[in-house]
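Summary of the model geometry
Residues per chain, in single letters:
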Amino acid sequence: MQQHDHPPGAHAGHDHHPDHGHTHHAGHHGHDHAHGASAHRLGWALAVLLIFTVIEAVGGWWVNSLALLSDAVHMAADSAALLLALVAIRLSARPPSARLTYGNGRWQTLAAFVNGLVLLLLTAGLIVEALHRLWQPEVVEGGWMLVIAAVGGLANLGALVALTGGESLNERGARLHVLSDLLGSAAAMMAAGLILGFNWTVADPLLSLLVSALILRSGWHLTRDSAHVLLEGAPPGVSASQVRKALADVPGVADAHHVHVWSLNGAEPVVTLHVQLTAQAESEATLRAVHHRLHDALGIEHATVQIEADVCIAPGQTHCLPG
C-alpha cells in the first residue's frame, strides 16, 4: 500500500465513523460474540468429523472402496482444516500489537487460503488414483460399502448443520470442506448401489471422479477469493471508483485521490484516501461530511482520510492557495 508524506497544513482523519463513540465499543462485544459462536460451530463439526473419519478410513480399507477412502481422506483434511480454522479464530481475537498493528484478523483469511490449496491438492491425487482404477478395476464389498457411506453421510450432514450461520471466509472454507465430504458419501452410496445391483465395480472410481470435479470447482473459488483478500483486493460491492463517485458532491470536496479499498477479512471494507478542498472549505466539517457519506452510501465503517488543506481547488481555477 502506498504511503504519502503529509504536506504542511495537511490534516489526516482516521475514524470508524463519526458519532460512533459508544457504538465502537459495542461492536467489539459483537465481534467477540461472533467469534465465540463461530468457534462453537467449528468445534462441534470437528468432533463429528474426527470420529467418522476413522470409521470411513477403516471401513474403506476393509471393503476396498476408493470412494470410501476418498471420502475418508477428505474428512481427514477437513478435520485438519477445521482445527486450523479454530486456531485462526483464537488468533484473530487477539488485540493489535506493536508488530501487528492491524490486529490478527487476517489469520482467518490465511486459513481459508491454505484450506483451499489443500483441497485442490488432495482432490488431484484422488483423480489420479480413480483413473488408475478405471484401467484396473478391483473387487469392492458393496453391502458394507453402502452401510459405511450412509453413516458417513449422516455425520457430514450433522457437521454441515453445525456450521450453518457463519459467513466469514474461514467458515465458508470449512463448509465447503464438509459439503465436499457429503457429496463424497452420496457418491459412495450410489456406487455401492450400482455394485450391488449390477456388479458394476467401475462405478466406484467413476463416482469418485464426478465428485472430485465438483470439489475442484469449490476449492478453486475458495482459493481465489481468499487470495484476492491477501493481495489487498477490493471487497465485493466497494471499489475506488465508487468511493470517488460517492464523494463527488460532498460540500467542500474538490477532489478525492490516492483511494485504496481493501479488507482484512473479505467482509468489512477499509478505505484510505486523500481529499483536496475547495476554496474556503472548513477542514473539520468536510472531514466529518466525508466520513458520513462513506458510511451512509457504501457502508464503510473504517476510513482514514487525509485532508489536503494547504492546496485547494476553486471553481474556474486550477489551483489556489488559501488566504
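None of the values given here were measured: they were computed from a predicted structure.

**Description of the overall build of the chain**
Tallying secondary structure elements over the chain gives 8 helices and 4 strands in all. Counting all 323 residues of the chain, 42% fall into the buried class. A total of about 16,300 Å² of accessible surface is found on the chain, and carbon and sulfur atoms cover 65% of it.

**Focus: the pairing of strand S2 (residues 253-263)**
In this sheet, strand S3 (residues 269-278) lies alongside S2 in antiparallel orientation, the contact comprising 8 bridges. If you follow Val253 over to S3, its bridge partner there is Leu277. A loop of 5 residues connects S2 with S3, the two strands running antiparallel in sequence, and Gly266 in this loop sits at a positive phi of about 85°.

**Comments concerning the nonpolar core**
Grouped together as the largest cluster of nonpolar side chains are 21 residues, with contacts concentrated most on Val243 and Leu273. Only helix H7 (240-247), S2, S3, helix H8 (283-298) and strand S4 (302-313) provide two or more residues apiece to this core. Val243 has contacts with Val238, Val259, Val261, Val271, Leu273, Leu294, Leu298 and Ile300, leaving out every residue within four places of it along the chain. Residues Ala192, Ile195, Leu207 and Val211 belong to the second largest nonpolar core, which totals 17 residues.

**Some words on the pattern of salt bridges**
For side chains of opposite charge, pairing can occur when their charged atoms come near one another. Scanning the entire structure with this criterion turns up 5 salt bridges. Between Glu129 and Arg133 there is a salt bridge, with its nearest N and O atoms 3.6 Å apart. Taken together, the residues Glu129 and Arg133, both in helix H3 (residues 107-135) and 4 residues apart, mark about one turn of the helix. Exposure remark for Glu129: the relative accessible area of 30% places this residue in the partly exposed category. By relative accessible area, Arg133 is classed as buried at 6%. Residue Asp225 pairs with Arg224 through a salt bridge whose shortest N-O separation is 3.4 Å. Residue Asp225 is classed as partly exposed on the basis of its relative accessible area of 22%.

**What about the packing of H7 against H8?**
Packing of H7 against H8 brings their axes to within 10 Å, and their N-to-C directions diverge by 120°. Here H8 runs oblique to H7, going by the angle between their axes. In this structure, H7 crosses over H8, and the sense of that crossing is right-handed. Across from Gln242, Val243, Ala246 and Leu247 in H7, the residues of H8 making contact are Val290, Arg293, Leu294, Ala297 and Leu298.

**Considerations on empty space enclosed by the protein**
Under the definition given, this model contains 2 cavities of 30 Å³ or more. Lining the largest cavity are 14 residues, with Ala67, Ser70, Gly184, Ser208 and Val211 positioned closest to its centre. Breaking the lining of the largest cavity down by element, the ones donating at least two residues are helix H2 (66-92), helix H5 (169-198) and helix H6 (203-230). No other element matches the 5 residues that H6 contributes to the lining of the largest cavity. Residue composition of the lining of the largest cavity, grouped by class: 7 nonpolar, 6 polar and 1 charged.

**So, the packing of aromatic side chains**
Scanning the model with the defined rule gives 1 aromatic pair in all. The interplanar angle of 50° and the centroid separation of 5.2 Å between the aromatic rings of Trp62 and Trp144 together place this pair among those described as tilted. With Trp62 in helix H1 (residues 21-63) and Trp144 in helix H4 (residues 142-162), this pair connects stretches of sequence that are 82 residues apart. We classify Trp62 as exposed; its relative accessible area is 52%.

**Observations regarding H3**
Between its terminal C-alpha atoms H3 stretches 43 Å, which fits the 42 Å expected from 29 residues at 1.5 Å a residue. Within H3 the residues assigned to the buried category are Gln108, Thr109, Ala111, Ala112, Asn115, Gly116, Leu119, Thr123, Leu126, Ala130 and Arg133.

**Digging into the confidence of the model for the chain**
In the predicted model, the chain carries a mean pLDDT of 78, and the fraction of residues at 70 or more is 81%. Of all secondary-structure elements in the chain, the lowest mean pLDDT belongs to strand S1 (residues 11-15), at 57, while H7 reaches the highest, 94. Ignoring residues within four places in sequence, the model shows residues 1-9, a span with pLDDT below 50, making 15 contacts including any to other chains.

**Quick word on the packing of H3 against H6**
Axes are the key here: two packed helices are described by the angle between their axes and the distance separating the axes. Where H3 contacts H6, the axes come no closer than 8 Å and their chain directions differ by 160°. Taken as axis vectors, H3 and H6 run roughly antiparallel relative to one another. The crossing of H3 and H6 is left-handed. Residue composition of the contact of H3 with H6, by class: 21 nonpolar, 9 polar and 2 charged.

**Notes on a nonpolar patch on the surface**
Together, Ile51, Ile55, Trp61, Trp62, Trp144, Val147 and Val151 line one region of the surface with nonpolar side chains, adding up to about 780 Å² of accessible area. When contributions to the nonpolar patch are tallied by element, the ones reaching two or more residues are H1 and H4.

Here is what the cut-offs are and how they apply
Residues numbered from 1 in each chain as written. Predicted model: local features only at pLDDT ≥ 70, side-chain atom pairs only at ≥ 80, totals over all residues. Heavy atoms only, no water. Helix = DSSP H or I, 4+ residues; strand = E, 2+ residues; numbered from the N terminus. Buried < 20%, exposed > 50% of the residue type's maximum accessible area, 1.4 Å probe, protein only. Areas by Shrake-Rupley, 256 points an atom, 1.4 Å probe, with all protein chains shown as cover. Pairing = 2+ DSSP bridges. Core = buried A, V, L, I, M, F, W, Y, C linked by side-chain atoms within 4.5 Å. Contact = heavy atoms within 4.5 Å. Salt bridge = Lys/Arg side-chain N within 4 Å of Asp/Glu carboxyl O. Axes fitted to C-alpha atoms, helices over the stretch in contact; angles between N-to-C directions. Parallel < 35°, antiparallel > 145°, perpendicular 65-115°, else oblique. Left-handed = near helix turned anticlockwise from the far one by under 90°. 1 Å grid on protein atoms, 1.4 Å probe; cavity = no way out; pocket = protein on both sides within 12 Å on 5 of 7 lines; lining within 4 Å. Points joined across faces, edges and corners; volume = space filled by probe spheres on them. Nonpolar A, V, L, I, M, F, W, Y, C, P; charged D, E, K, R; others polar. Phe/Tyr/Trp six-rings, centres within 6.5 Å; stacked < 30°, edge-to-face > 60°. Expected span 1.5 Å × (residues − 1). pLDDT = per-residue confidence, 0-100. Patch = residues over 30% accessible without salt bridge, like charges linked within 9 Å, V, L, I, M, F, W, Y side chains within 5 Å.

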